[in-house]
Amino acid sequence: LVWSGAQAALIAGAIVPQASQPLNHDVGWLLVGARRLLTGASLYRDGFVDVNPPGVLALLAPPVAFARALGLSEILALRVWIFALCALSL
């Protein structure tokens, strides 16, 4: 993977402000939903309802599983996951 200077600067410039902000409540709820799906809960049953498409929970399941496996913060794992997806898309 070869990045241009502009791509590296864009990623570096986005990391600092994003890391200093608290997590949005909507994203927090999606992390809870991904955690519940990984523990066996069923969406739209088991007292869990969300208005977002189910795919967003599938998108957030890998960082939740990664955080659980390594004993990391789910928020940190989520931020690393999102930046990795952004870096791959660039």
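This report concerns the structure included in the present document. (Residues numbered from 1 in each chain as written. Predicted model: local features only at pLDDT ≥ 70, side-chain atom pairs only at ≥ 80, totals over all residues. Heavy atoms only, no water.)

Glancing now at the pattern of salt bridges. Considering all chains together, one arrives at 1 salt bridge under this definition. Taking the shortest distance from any N to any O, the salt bridge between Glu74 and Arg35 comes out at 2.8 Å. Taken as a pair, Glu74 in helix 4 (residues 74-89) and Arg35 in helix 2 (residues 25-38) lie far apart in primary sequence, 39 residues in all. For Arg35, a relative accessible area of 32% corresponds to the partly exposed category. (Salt bridge = Lys/Arg side-chain N within 4 Å of Asp/Glu carboxyl O. Helix = DSSP H or I, 4+ residues; strand = E, 2+ residues; numbered from the N terminus. Buried < 20%, exposed > 50% of the residue type's maximum accessible area, 1.4 Å probe, protein only.)

What follows covers the nonpolar core. In terms of nonpolar packing, the biggest core is built from 9 residues, these being Leu30, Leu31, Ala34, Leu43, Phe48, Leu57, Leu60, Val64 and Leu78. If you list the elements that add at least two residues to this core, you get helix 2 and helix 3 (54-70). Apart from the residues within four sequence positions on either side, Leu30 is in contact with Asp50, Asn52, Val56, Leu57 and Leu60. (Core = buried A, V, L, I, M, F, W, Y, C linked by side-chain atoms within 4.5 Å. Contact = heavy atoms within 4.5 Å.)

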